[in-house]
Amino acid sequence: MEIQTRKEKGAIIVLVKGRMDALTAPEFENDLSGQISKGENIFLINLTGLEYISSAGLRSILSISKKLKEKRGKILFTGLHGPVEEIFTISGFDSIFKIFLSEETALNEI
Amino acid sequence: MLRTKGIAFKLIFFYTLSGGLIFLLIFGFNYYFSRIIIEKNVEDNARNLALSKANQIEAVLRAVQKVPENLAYYLENSSCDNNELMRLLRSLVQNNPEIYGAAVAFEPYGFDKKLLHFAPYFFKSDGSIEFTDLGKGSYRYNAWDWYQIPKELNMPAWSEPYYDEGGGYTLMATYSVPFYKQSGGKKQCRGIVTADINLAWLQEVVSSTKVLQTGYAFLISKNGIIVTHPSKELIMNETIFGVAEARDDPQLRDIGRKMIRGESGFVPFRSIDSEKPCWMYYAPIPSNNWSLAVLFPRDELVADITRLNGIVIALGIAGLLLLSVAIVFIAHSITTPLRAMVQATKTIAIGNLDVELPPVRFEDEVGKLTEAFRYMKESLKEYIRALTETTASKERIESELKIARDIQMSILPKVFPPFPGRTEFDIYAAIEPAREVGGDFYDFFFIDDNHLCFVIGDVSGKGVPAALFMAVTKTLMKAKTSQDADPGMILTKVNKDLNQGNEACMFVTIFIGILNTTTGEILYANGGHNPPLMIRSGDNLSFAVEPLPVSHGLVVGAMEESIYQTETVILKPRDAIFVYTDGVTEAMNEQGELFSDDRLKKQLIKLHRKSAQETIAGIMKGIASFAREVPQSDDITMMMIRFHGGGE
């Protein structure tokens, strides 16, 4: 898994590539937890490059979103496709997170 | 060869070799230069000795010369009668030890007009003085060289050595001085005065001074004839050129020429009689143009060098031996602890870490190695102790995990058929746990006489937390089901409870269904679980496999406020519902492909006539042959319920 972050219009845009499973999910969680503790509280997660997400990956997303909730922050998603989108659907994650078709529309929403 | 030898051997070998080489170099250098110096001294000594001997002989000869010269002068300048002459000659021989004999040989009728030949001769014989007249008998003195040559040359001369047959009867050389009378203003030879020296006596003079231990001197005449020599048989019988001829030695011939030319020099030589290697110094005797040769045996000349070299070699060998002993000692002090260390290493290698290490005697490399080794040994000991502890605790944890796993599995219903006598439906469930403790579970039980509740779930993550969360969930599910018969309500309540203190954000996907065994109606709710598959039987034995339409409720435990919907589906007789976890479809083969929904559906189609148990066993087999050697990463759980009809 590979994580790239950049800041745009007050949001941290996180590009996630590869597989997010029990092995790599802690990296994602630590990375974003670090940003949150630095004061960032708007995240746009771009999953265009993500091939697979396991329940451990979902758990780390859930954990981050709970932390943001305490800080009145936001977590948005874009780039969902294929099996990842399917898992979001099955797990009901699509019902609790805001998902956008593109980064632009997501950023406009902010 | 050297590679297999020990340090001691190598040290001794190389140090002795290099020490020996250095010693040889120094020795060679020393030998060369000391030889040059000593030879220079030898030559100086030889020259001094030879010259002093030559002077000694020269002095003897000069003394001999004086006597006939004086007598000749007397005879020329005074008249002298027979008696006077006899008296003079006798006393002359008697008073001069170096003179063997002396004569006055007159020209025919030179002394007495009536006497043709007159040559009175006195000579020494056995300590007394003998007299003979050489003019008497057959001895024709005026034919001899000693008479002819000085007369013809009109000057005194030494004869070549000769044997005086008829006169002195011995080997001798004669100095002859002519004397004259004035006759009509002309100088006329009146006779020859002679003095003889005995070669035997000369030999004594020559050999009177010792030359080293076995060195000697010899004389050669102006023709190269050996005049004196310690070996008497050579005297008068051999010449220096004869020796050169016999030896075919042109150098010696050349030396001989130089000698008779009156030159001097220092040359290597071999003794004439014994052939012993010598150095020879030759010098002229000016009086009679003879040449003196002094021979110095080479071994005696270089005896000092030889002795010095012997001492140096002995010292060198002793030094090398000492060096070797020192090296042996040093090598021993190095290798002894090393050997002990080798033993210790072997002992440690077989697991005995309590081995005693050799004591550190010096703070050198070996000492440091021993120290480092001791440190390593202690570290190893500590490490192994820690490892043993860790392994033990890991084993304990693993065995506890296994027990946890067993307990976890034991809380799942495993007895089939679970409800013998209930013909309205056929139920089977199976779980294939992954090696690591996972969080899959299933459950089924009757709520009342004709309502069968069935649940399947998959807890996020793995390990003990997942197992605990799964146990809690399963217990909660059963507890809530006894209060309500509405799946949506049950899930909503379980979700609320699981959210309490869920700091780790764990969650579980749950599908719950309640089958009315009379009507075939299923009330169900879904909390983020993958949708079950329906196996629908149509007319004429046709059938279809399709996913159950489910509303995708959020995974359970994620959000406290989640509400779950209850939905309904009706099973006709021979219809079946197949619920499973993603361990089924995400089983992976060696190529990294997933087992997938498609393969699952194909398997179900293939097995649709089989019982629930046979179907699930068939799919398990299908997954196993698909995954082959790839280790199972997730629990695989399946449950199937086939409805047979109300049964009234």
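Computed from a predicted structure; not experimentally measured.

Basis of the calculations
- Residues numbered from 1 in each chain as written.
- Chains lettered and ligands numbered in written order.
- Predicted model: local features only at pLDDT ≥ 70, side-chain atom pairs only at ≥ 80, totals over all residues.
- Heavy atoms only, no water.
- Axes fitted to C-alpha atoms, helices over the stretch in contact; angles between N-to-C directions.
- Helix = DSSP H or I, 4+ residues; strand = E, 2+ residues; numbered from the N terminus.
- Parallel < 35°, antiparallel > 145°, perpendicular 65-115°, else oblique.
- Left-handed = near helix turned anticlockwise from the far one by under 90°.
- Contact = heavy atoms within 4.5 Å.
- Nonpolar A, V, L, I, M, F, W, Y, C, P; charged D, E, K, R; others polar.
- Domains from an automatic or database assignment.
- Pairing = 2+ DSSP bridges.
- 1 Å grid on protein atoms, 1.4 Å probe; cavity = no way out; pocket = protein on both sides within 12 Å on 5 of 7 lines; lining within 4 Å.
- Points joined across faces, edges and corners; volume = space filled by probe spheres on them.
- Patch = residues over 30% accessible without salt bridge, like charges linked within 9 Å, V, L, I, M, F, W, Y side chains within 5 Å.
- Areas by Shrake-Rupley, 256 points an atom, 1.4 Å probe, with all protein chains shown as cover.
- Salt bridge = Lys/Arg side-chain N within 4 Å of Asp/Glu carboxyl O.
- Lys, Arg positive; Asp, Glu negative; His and termini not counted.
- Charge placed at Lys NZ, Arg CZ, Asp CG, Glu CD.
- Phe/Tyr/Trp six-rings, centres within 6.5 Å; stacked < 30°, edge-to-face > 60°.
- Lys NZ or Arg CZ within 6 Å of the ring centre and 35° of its normal.
- Core = buried A, V, L, I, M, F, W, Y, C linked by side-chain atoms within 4.5 Å.
- Buried < 20%, exposed > 50% of the residue type's maximum accessible area, 1.4 Å probe, protein only.
- Polar contact = N/O pair within 3.5 Å; in protein donor to acceptor, adjacent residues only side chain to side chain.

Peer 1: I keep staring at the packing of helix H10 (residues 463-483) of chain B against helix H11 (residues 487-499) of chain B and nothing clicks. Help me out?
Peer 2: All names here are of chain B. Where H10 meets H11, the axes come as close as 9 Å, and the angle between the chain directions of the two elements is 135°. With respect to H11, the axis of H10 lies oblique. Between H10 and H11 lies a crossing of right-handed hand. Residues Phe-469, Val-472, Thr-473, Leu-476, Met-477, Lys-480, Thr-481 and Gln-483 of H10 pack against Ile-490, Leu-491, Lys-493, Val-494, Asp-497 and Leu-498 of H11. Grouping the constituent residues of the contact of H10 with H11 by class yields eight nonpolar, three polar and three charged.

Peer 1: Where do I start with the domain arrangement of chain B in this structure?
Peer 2: Accessible area lost when the parts come together is the quantity often used to give the size of an interface. Looking at the assigned domains, one finds that chain B contains domain 1 (22-192), domain 2 (210-301) and domain 3 (413-643). Averaged C-alpha coordinates put domain 1 of chain B and domain 3 of chain B at centres separated by 156 Å.

Peer 1: Help me understand the sheet that holds strand S15 (residues 451-459) of chain B, please; the structure alone is not making it clear to me.
Peer 2: Adjacent strands of a sheet pair through backbone hydrogen bonds, lying either parallel or antiparallel. Residues and elements named next belong to chain B. Strands sit in the order S14-S15-S16-S17-S20 across an open sheet of five strands; the sheet is antiparallel. Both outer strands of the open sheet, strand S14 (440-448) and strand S20 (567-570), are each paired with one neighbouring strand and no more. Along the sheet, successive strands turn relative to each other by an average axial angle of 20°, direction set aside. Pairing between strand S16 (residues 508-516) and strand S17 (residues 521-527): five bridges, direction antiparallel. Bridge assignment links Ile-514 to a residue of S17, and that residue is Leu-523. Each of S14, S15 and S16 touches H10; the most contacted strand, S14, lies at about 15° to it.

Peer 1: What is the right way to look at empty space enclosed by the protein in this model?
Peer 2: Think of a ball as big as a water molecule: rolled over the atoms, this probe shows where empty space is left. Residue and element names in this part refer to chain B. Counted according to the given criterion, the structure contains two cavities of 30 Å³ or more. Of the pockets and cavities examined, the largest cavity occupies roughly 50 Å³. Taken together, Ala-103, Tyr-121, Leu-134, Tyr-139, Trp-146, Tyr-162, Asp-164, Thr-194 and Asp-196 make up the full set of residues lining the largest cavity. A per-class count over the lining of the largest cavity returns six nonpolar, one polar and two charged. There is about 40 Å³ of room inside the second largest cavity. Along its surface, the second largest cavity is lined by Asp-145, Trp-146, Ile-149, Pro-150, Ala-157, Trp-158 and Ser-159. When contributions to the lining of the second largest cavity are tallied by element, the ones reaching two or more residues are helix H3 (145-153) and strand S4 (157-158). Sorting elements by how many residues they give to the lining of the second largest cavity places H3 first, with four residues. Counted by class, the lining of the second largest cavity contains five nonpolar, one polar and one charged residues.

Peer 1: Would you mind showing me how to read the packing of helix H13 (residues 596-606) of chain B against helix H14 (residues 612-627) of chain B here?
Peer 2: A pair of packed helices can be characterised by two numbers: the angle between their axes and the separation between those axes. Residues and elements named next belong to chain B. Direction vectors running N to C along H13 and H14 enclose 135°, while the axes themselves pass 10 Å from each other. The pairing of H13 with H14 is recorded here as oblique in orientation. For the pair H13 and H14, the crossing hand works out as right-handed. Residue-level inspection shows Arg-599, Leu-600, Gln-603 and Leu-604 of H13 in contact with H14, the latter providing Thr-615, Gly-618, Ile-619, Gly-622 and Phe-626.

Peer 1: Sorry if this is basic, but what is going on with a negative patch on the surface here?
Peer 2: A surface patch of negative charge is lined by Glu85(A), Glu86(A), Asp94(A), Asp597(B) and Asp598(B). For Asp94(A), the location among the structural elements is in helix H4 (residues 93-96).

Peer 1: Explain the packing of aromatic side chains here, please?
Peer 2: Ring pairs (aromatic) are described by centroid distance and by the angle formed between their planes. Residue and element names in this part refer to chain B. For the coordinates displayed, the defined rule picks out 36 aromatic pairs over all chains. Taken together, the aromatic side chains of Phe-416, Phe-419, Phe-425, Tyr-428, Tyr-442, Phe-444 and Phe-446 make up a single cluster linked through ring pairs. Sitting over the face of the ring of Tyr-180, Lys-187 holds its NZ or CZ atom 4.5 Å from the ring centroid. The residue whose ring lies beneath Arg-247 is Phe-269, and the NZ or CZ to ring-centre distance is 5.7 Å.

Peer 1: Before we go on, may I ask you to explain the nonpolar core in this structure?
Peer 2: Taken as a class, soluble globular proteins show a tendency for nonpolar side chains to be buried jointly. Ranked by internal contacts, the top residues of the largest apolar core, which has 80 residues, are Phe28(A), Ile45(A), Phe88(A) and Phe454(B). Ignoring any residue separated from it by four or fewer positions in sequence, one finds Phe28(A) in contact with Met1(A), Ile3(A), Val14(A), Val16(A), Met20(A), Ile45(A), Ser60(A), Ile61(A) and Ile64(A). Ile38(B), Leu61(B), Leu92(B) and Ala195(B) belong to the second largest nonpolar core, which has 55 residues in total.

Peer 1: Before we go on, may I ask you to explain the environment of Ser410(B) in this structure?
Peer 2: Considering the arrangement of structural elements, one finds Ser410(B) in helix H9 (residues 365-410). Within the structure, Ser410(B) has its side chain in polar contact with the backbone oxygen of Ile407(B) (distance 2.6 Å).

Peer 1: Got a minute to help me understand a nonpolar patch on the surface in this structure?
Peer 2: Residues and elements named next belong to chain B. Taken together, Phe-9, Phe-13, Phe-14, Leu-17, Leu-21 and Leu-24 make up a surface patch of nonpolar side chains, about 560 Å² in accessible area. Here Phe-13 lies in helix H1 (residues 7-77). Take Phe-13: its relative accessible area is 32%, and that puts it in the partly exposed class.

Peer 1: For this particular structure, what's the right way to read the side chain of Lys53(B)?
Peer 2: Residues and elements named next belong to chain B. Within the fold, Lys-53 resides in helix H1. For the buried residue Lys-53, which engages in no salt bridge, the nearest side chain bearing the opposite charge is Glu-204, 12 Å off. Polar contacts involving the side chain of Lys-53 include one to the main-chain carbonyl oxygen of Val-206, which spans 2.5 Å. The contacts of Lys-53, once residues within four sequence positions are left out, are Val-205, Val-206, Ser-207, Ser-208, Thr-209, Ala-217, Leu-292 and Val-294.

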